[in-house]
Amino acid sequence: MSRIDGAGGPPQRLIQRALGAGSDHPSMRCPFLEHAGHRRWCQHCGGGAGRVNWGHVSVGAGTEDEQVRPTDWFIPLSDPDRAVGHVCALPQAGGGATAFAALADELGPDITVWALNLPGRQARFGEPTRTDLDPLLDDLAGAFPHPAPMLLFGYCSGALLAFLLAHRLHHHGHRAPDALMVASYPAPDRAEPARSTHRLPGEQFWSEILSYGGVPERIAAQSDFREIFEPALRADYELLSGYHHRDVAPLPLPITTIAGAADPVLRTADVDRWRAHTTGPFRSETIDGDHWLLENSPRRVADLVRASLPRTTTAPR
Amino acid sequence: MNAGRNPGLTGVHACFARRRALDADTSFFEAGFTSALLAEVLEDLRDEGFTVSLVDLYRYPTVRSLSASLGFGERRSPAAPPWLGASRNPVTVLSPGPSIGSADGPV
């Protein structure tokens, strides 16, 4: 399913400069430079242990003093220096970082949500979208935030992405998260990602998307909303359209599932099947609500995140 | 923010800030403005007389850049994370090294 809380769009006049990896700070201005102590965690500055691809996108193009603004794969939605716990959060199809704004409000300031910031929407509006799963997983693994303890959270189809990212991190020698939490999505071997939705013609595509109920009326009333959201939605559907589950070893980290009691499309057996994907503790939580738990029950989800976030970690930062 | 010297920017800023705290250089998306919230802001902006469409809020995702796009020009500075708060002076760079970004703001 999908909600349009991402914003994809045509490049327009925005100028995207894909500088690739290793743009050396301070030759480019880090967005968090003013933040006291930021070097300890800032990935731009290398303090967060991993260097990231630091794409640069110009915002407000078309005006004289064009501004170069760095973007990143994960946006901390509160001050990570003040946090004692961290959540790395992957949204539903079409979703942007603000999909987790309500959750971050509930969790802050002691827990920081690092929200996935995919191109083609919101803070990276105008950048080309990504539709190839493997290279994207490589990039996300390389940019994965390193603070601990870290809970990896996947919402809707972001749950499948989170599962694949956890495996990538675990098997490629990256620092893996301390726990995995998945909401509103079946286990990877029961998931049936849409195979051809991303190829539907405009009217059919939107009638499918709108049928999921994730588009606020105020948005649908705007004449330009399709232009804004369609590229990111199509890209995210295409990203998972070729996914077929392959047997892999269970993950050595705790998994917690969250399901809405009134979710019309989620089968309990498919949620419980997540149990097979961990060698660690497994918890299954059903809460009041439908499919859109982050939007309608952020406080309840936040409570479960707090309960699932490891208090301490033995792994080095 | 020096917003008081620029009534247009102040008016735009007010439409956002009454819903979530942000300063003129914070990206709407880093400040937690969802698409639904932006649609509400859009209605307010139009009520205030600004001619603006939803896609403008995505193309110009800070109060300052949006204001500039609406003709309320002002030199702009880089987007700042929301927790820096609105009370700080904009762009007081602590240790920037070479001031590469100086063209973008009143450094």
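Model, not experiment: these values are computed from the prediction. (Residues numbered from 1 in each chain as written. Chains lettered and ligands numbered in written order. Predicted model: local features only at pLDDT ≥ 70, side-chain atom pairs only at ≥ 80, totals over all residues.)

**As for the overall build of chain B**
Then comes step 1: Within chain B, the regular secondary structure consists of four helices and zero strands.
Then comes step 2: In sequence order, chain B lays out its α and β elements as α-α-α-α.
Then comes step 3: Relative to its full complement of 107 residues, chain B shows a buried share of 49%.
Then comes step 4: Taking the intrachain contacts of chain B between residues at least 6 apart in sequence as the baseline, contacts between residues at least 24 apart amount to 55%. (Helix = DSSP H or I, 4+ residues; strand = E, 2+ residues; numbered from the N terminus. Buried ≥ 20, exposed ≤ 12 C-beta atoms within 10 Å, placed from the backbone. Contact = placed C-beta atoms within 7 Å.)

**Notes on the environment of A:P310**
All names here are of chain A.
Then comes step 1: Relative to the assigned elements, P310 resides in the segment after α9 (298-308).
Then comes step 2: Residues P310 and T98, 212 residues apart in the sequence, show an inter-C-alpha distance of 25 Å.
Then comes step 3: Once you skip the residues sitting within four places of it in the chain, P310 turns out to touch P149, D178 and A179.

**Considering the packing of helix α2 (residues 133-143) of chain A against helix α3 (residues 157-171) of chain A**
All names here are of chain A.
Then comes step 1: With their axes 9 Å apart at the nearest point, α2 and α3 run at an angle of 65° to one another. Of the two elements, α2 crosses α3, and the hand of that crossing is right-handed. Here α2 contributes L137, L140 and A141 to the contact with α3, which in turn contributes L164, L165, R168 and L169.
Then comes step 2: Class assignment of the residues belonging to the contact of α2 with α3 gives a composition of six nonpolar, no polar and one charged. (Axes fitted to C-alpha atoms, helices over the stretch in contact; angles between N-to-C directions. Left-handed = near helix turned anticlockwise from the far one by under 90°. Nonpolar A, V, L, I, M, F, W, Y, C, P; charged D, E, K, R; others polar.)

**Brief notes about the nonpolar core**
Then comes step 1: In terms of nonpolar packing, the biggest core is built from 101 residues, with A:F100, A:F153 and A:A162 touching the most fellow members.
Then comes step 2: Setting aside residues no more than four positions away along its own chain, A:F153 makes contact with A:V87, A:C88, A:A89, A:L90, A:A162, A:M181 and A:V305. (Core = buried A, V, L, I, M, F, W, Y, C linked by C-beta atoms within 7 Å.)

**Here's the deal with the environment of A:H291**
Then comes step 1: By secondary structure assignment, the location of A:H291 is in the loop between β10 (282-287) and α8 (293-296).
Then comes step 2: Residue A:H291 is classed as buried on the basis of its 24 C-beta neighbours within 10 Å.

**A closer look at the pairing of strand β8 (residues 179-183) of chain A**
Residue and element names in this part refer to chain A.
Then comes step 1: Burial within β8 is extensive, with five of its five residues counted as buried.
Then comes step 2: Pairing analysis gives five bridges linking strand β7 (residues 150-155) to β8, with the strands arranged parallel. For G154, the partnering residue across the bridge sits in β8 and is V182.
Then comes step 3: Regarding topology, α3 serves as the crossover connection from β7 to the parallel β8, and that connection is right-handed.
Then comes step 4: Sheet topology places β8 next to strand β9 (residues 255-260); four bridges connect them, and they run parallel. Each residue of the ladder has a partner; that of A183, found in β9, is I258. (Pairing = 2+ DSSP bridges. Right-handed = clockwise from strand over helix to strand, strands pointing away.)

**Some remarks on the packing of helix α1 (residues 7-17) of chain B against helix α2 (residues 35-47) of chain B**
All names here are of chain B.
Then comes step 1: With their axes 9 Å apart at the nearest point, α1 and α2 run at an angle of 145° to one another. For the pair α1 and α2, the crossing hand works out as right-handed. Here α1 contributes V12, C15 and F16 to the contact with α2, which in turn contributes V41, D44 and L45.
Then comes step 2: Tallied by class, residues from the contact of α1 with α2 come to five nonpolar, no polar and one charged.

**Some thoughts on α3(A)**
Residue and element names in this part refer to chain A.
Then comes step 1: Its 15 residues place the ends of α3 22 Å apart at the C-alpha level, agreeing with the 21 Å of an ideal helix rising 1.5 Å per residue.
Then comes step 2: Burial within α3 is extensive, with 11 of its 15 residues counted as buried.
Then comes step 3: Turning to α3, its buried residues number three or more, namely S157, G158, A159, L160, L161, A162, F163, L164, L165, A166 and L169.
Then comes step 4: Elements that come into contact with the buried residues of α3 comprise β5 (85-90), α2, β7, β8 and α6 (225-241). (Expected span 1.5 Å × (residues − 1).)

**Some words on unusual backbone geometry**
Residues and elements named next belong to chain A.
Then comes step 1: Cis geometry marks the peptide bond from G108 to P109; its omega dihedral reads -5°.
Then comes step 2: Take P109: it is sitting in the loop between α1 (101-107) and β6 (111-116).
Then comes step 3: Of note in this structure, C156 is not a glycine but carries a positive phi near 55°.
Then comes step 4: Taking the C-beta count within 10 Å as the criterion, C156 has 28 such neighbours and is therefore assigned buried.

**Side note on helix α4 (residues 202-211) of chain A**
Because an α-helix completes one turn every 3.6 residues, residues spaced three or four positions apart along the sequence face the same direction.
Then comes step 1: Summarising burial for α4(A): one of the 10 residues are buried, a small minority.
Then comes step 2: Phi for A:G213, located one or two positions after α4(A), is positive at around 80°.

**Looking at the confidence of the model for chain B**
Residues and elements named next belong to chain B.
Then comes step 1: Looking at chain B as a whole, its pLDDT mean stands at 76, while 64% of the residues score no less than 70.
Then comes step 2: Per-residue pLDDT stays below 50 along residues 86-107; that stretch engages in 43 contacts with residues further than four places along the chain or on separate chains.
Then comes step 3: Interface confidence for the predicted complex, expressed as ipTM, amounts to 0.72; the pTM equals 0.76. (pLDDT = per-residue confidence, 0-100.)

**Remarks on the confidence of the model for chain A**
Residues and elements named next belong to chain A.
Then comes step 1: Scored by pLDDT, chain A comes out at a mean of 81, with 76% of its residues at no less than 70.
Then comes step 2: Low pLDDT (under 50) marks residues 6-30, which in the prediction has 77 contacts with non-local residues, meaning those over four places away or in another chain.
Then comes step 3: With pLDDT under 50 throughout, residues 33-70 is counted as low confidence; its partners more than four residues away or in other chains account for 110 contacts.

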